[in-house]
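One letter stands for each residue in the lines below.
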Amino acid sequence: MPRFQDFALPHWIESQKGIEIPLGGSVGPGLSFKELINLSTDPESTTKALNFYDTDLTVRVGTQGSLELRKQVAKLYAGSDVTVTPDDVIIANATTGANLLSFQSQLSPGDHVICMYPCYEPLFQIPKQLGASITYWRLDPSNNWEASLADLKALIRPTTKMLVVNNPHNPTGTLLSASAQQAILHLAARHDITVHSDEIFRPLFHATDTPAPPSLLQHASYDKVIVTGSLSKAFCLSAVRIGWCVTRNPELKASLLSLRQWTLESTSLIDERIAAEALSDRCRDPILARLHAFAHRNLAELHAFLAKNPHAVAATVPTGGATAFVKFMDPASGRPVDDLQFCQTLMEHTGVLLSPASLCFSQLQPGDFKGYTRLHFTCRTEIFKQGLDRIGEFLSSPSYTALCAGSQTNGTH
Ligand SMILES: Cc1ncc(COP(=O)(O)O)c(C=O)c1O
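Residues numbered from 1 in each chain as written. Predicted model: local features only at pLDDT ≥ 70, side-chain atom pairs only at ≥ 80, totals over all residues. Heavy atoms only, no water.

Checked against the element boundaries, Ala307 lands in helix 11 (residues 284-308). For the pair formed by Ala307 and Leu185, sequence separation is 122 residues and the distance between their alpha carbons is 38 Å. (Helix = DSSP H or I, 4+ residues; strand = E, 2+ residues; numbered from the N terminus.)

Structure below.
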């Protein structure tokens, strides 16, 4: 088997020196035990739940994860006609482990997989590494990164085994509406395709005037769906390596569980207890409200920033998730800058870190998302605002003018 190539996004972030304003990632402000207890509506019970002194550290949490945690995860998918039970939930090592479990248990060499594009890289690199052939389902930048169902239909082959979606979407911060989800499931049902939906950013929804869209799990019409998620993004606990696969389909569940026994056996008892407490009725909503407040304020800042720089910056303002896909252009010509060079020069001059699309999100051709960068917006508002201020100053500096001139002579658009 060929060696994995480097995973470009963390490689980019980890290779940067002197970061002052980190806006290249997607993890919100973390929580300590103390902060979790302070956020809880019942601090005494949370303190008790997080006291591990007398815990027996030989206890494993079962072949599927503890019932207590699976109950809490199932509740995240309540509120539709479809009932999701603790029995449908399989606990894994964060979303990374849940995605791996799904891909490894379902895919074989020669299978065809369709994946949204752009996308978080492991969602197509892991299937590729497992021997699947990948077709990219391009989202349309001229239509707010909407996914075209007609395009999807044309990509399906007799060997198509799996469709991979990410909803809310990283990096664009867009969502699949309930009707788009239904149409996807209708196509999948017609061609017997398993839908893998990475929903790690759920329930980070930002529109205040429209109802939150359902999970791909919450449609009675089709059950060959595996949804994955974890505590890493919406719940700000990315070092607690707990995630989940959820499926209502008995065959999918059996194959996930069988592989889990071989490759994982048991998740960490301590991590599971922290996760169950974070998702409990006393902690879940306060954690989400804290992050939504940051997102709400920061999106208002992003709106103002876009309005102030209409000729140099463009973006679809996110309706979900934690990141925006922001395009930088030469204000004189409207042509996109070289985004890698932009991010490098921005870092050197301002200490603000963004993630360049041509390095971290382009797979088909290097110029696919020229000018685009990923900007994280669920961080603390003072940091976000300072980052935008510094980017704004950079855009009016001679260094940016020189970079724009260089971008036009170097490469594709
Ligand atoms: C779409 C997506 N899936 C999975 C992951 C990995 O998450 P975890 O930390 O839960 O393994 C990330 C991390 O950024 C992500 O953006």
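Looking now at helix 4 (residues 67-75). Every buried residue of helix 4 is accounted for by Leu69, Arg70, Gln72, Val73 and Ala74. Among the structural elements, strand 2 (89-92), strand 9 (243-246) and helix 10 (269-278) are those in contact with the buried residues of helix 4. (Buried < 20%, exposed > 50% of the residue type's maximum accessible area, 1.4 Å probe, protein only. Contact = heavy atoms within 4.5 Å.)

With that settled, consider the site of the ligand. Around the ligand, the surrounding shell holds 14 residues, and the nearest of these are Thr96, Asp198, Ser230, Ser232 and Lys233. Contact distances for the ligand include 2.9 Å between an oxygen atom and a backbone N or O atom of Thr95. Contacts to the ligand include Asp198, whose side-chain N or O atom sits 2.6 Å from a nitrogen atom. For the ligand, the protein covers 93% of the area, taking 400 Å² as the surface of the free molecule. With three residues, helix 5 (residues 94-106) is the single largest residue contributor to the shell around the ligand. For the shell around the ligand, the residue count by class is four nonpolar, seven polar and three charged. (Near = heavy atom within 4 Å. Polar contact = N/O pair within 3.5 Å; in protein donor to acceptor, adjacent residues only side chain to side chain. Areas by Shrake-Rupley, 256 points an atom, 1.4 Å probe, with all protein chains shown as cover. Nonpolar A, V, L, I, M, F, W, Y, C, P; charged D, E, K, R; others polar.)

The antiparallel open sheet is built from four strands, whose spatial order is 10-11-14-13. Each edge of the open sheet is held by one strand with a lone partner, namely strand 10 (313-315) and strand 13 (355-356). As defined by bridge partners, strand 13 adjoins strand 14 (residues 372-376) across two bridges and the pair is classed as antiparallel. Looking at the pairing, Ser355 lines up with Arg374 of strand 14. Relative to strand 14, helix 14 (residues 381-395) is tilted by about 155°, and along the sheet it contacts strand 10, strand 11 (323-328) and strand 14. (Pairing = 2+ DSSP bridges. Axes fitted to C-alpha atoms, helices over the stretch in contact; angles between N-to-C directions.)

The next point concerns the domain arrangement of the chain. The domains assigned to the chain are domain 1 (8-32 + 286-409) and domain 2 (59-280). A straight line from the C-alpha centre of domain 1 to that of domain 2 covers 27 Å. Contact with domain 1, which involves 36 residues of that partner, is made by 34 residues of domain 2. Summing both partners gives a buried area of about 2,900 Å² for domain 1 against domain 2, and 61% of it is carried by carbon and sulfur. Its largest share of buried area at the contact with domain 2, domain 1 owes to Thr316, Thr319 and Gln363, together 20% of the area lost on that side. Across the domain 1-domain 2 interface, the total number found is one salt bridge. For the salt bridge of Arg138 with Asp368, the shortest nitrogen-to-oxygen distance reads 3.3 Å. For the pair domain 1 and domain 2, the number of links is 18 residue pairs in polar contact (both at pLDDT 80 or more). Broken down by secondary-structure element, the contributors of at least two residues to the side of domain 1 that touches domain 2 are helix 1 (8-15), helix 11, strand 11 and strand 14. A per-element tally of the side of domain 1 that touches domain 2 places helix 11 first, with seven residues. In the side of domain 1 that touches domain 2, the residues fall into 20 nonpolar, 13 polar and three charged. (Domains from an automatic or database assignment. Buried area = accessible area lost by both parts, 1.4 Å probe. Salt bridge = Lys/Arg side-chain N within 4 Å of Asp/Glu carboxyl O.)

Summarising burial for helix 6 (residues 122-129): seven of the eight residues are buried, a large majority. By the burial criterion, the buried members of helix 6 are Pro122, Leu123, Phe124, Gln125, Ile126, Pro127 and Gln129. On its buried face, helix 6 sits against helix 5, strand 3 (112-117), strand 4 (133-140), strand 6 (160-166) and strand 7 (194-198). Gly131, located one to two residues past helix 6, shows a positive phi value of around 100°.

Turning our attention to the sheet that holds strand 5 (residues 146-147). The pairing of strands in a sheet comes from backbone hydrogen bonds and takes either a parallel or an antiparallel form. The strand order 2-9-8-7-6-3-4-5 describes an open sheet built from eight strands, whose pairing is mixed. Pairing within the sheet leaves two strands with one partner each, and these edge strands are strand 2 and strand 5. Of the pairings in the sheet, the one linking strand 6 to strand 7 comprises five bridges and is parallel in character. For Met162, the partnering residue across the bridge sits in strand 7 and is Thr194. The sheet strands contacting helix 6 are strand 3, strand 4, strand 6 and strand 7, and the helix crosses strand 4 at an angle near 165°.

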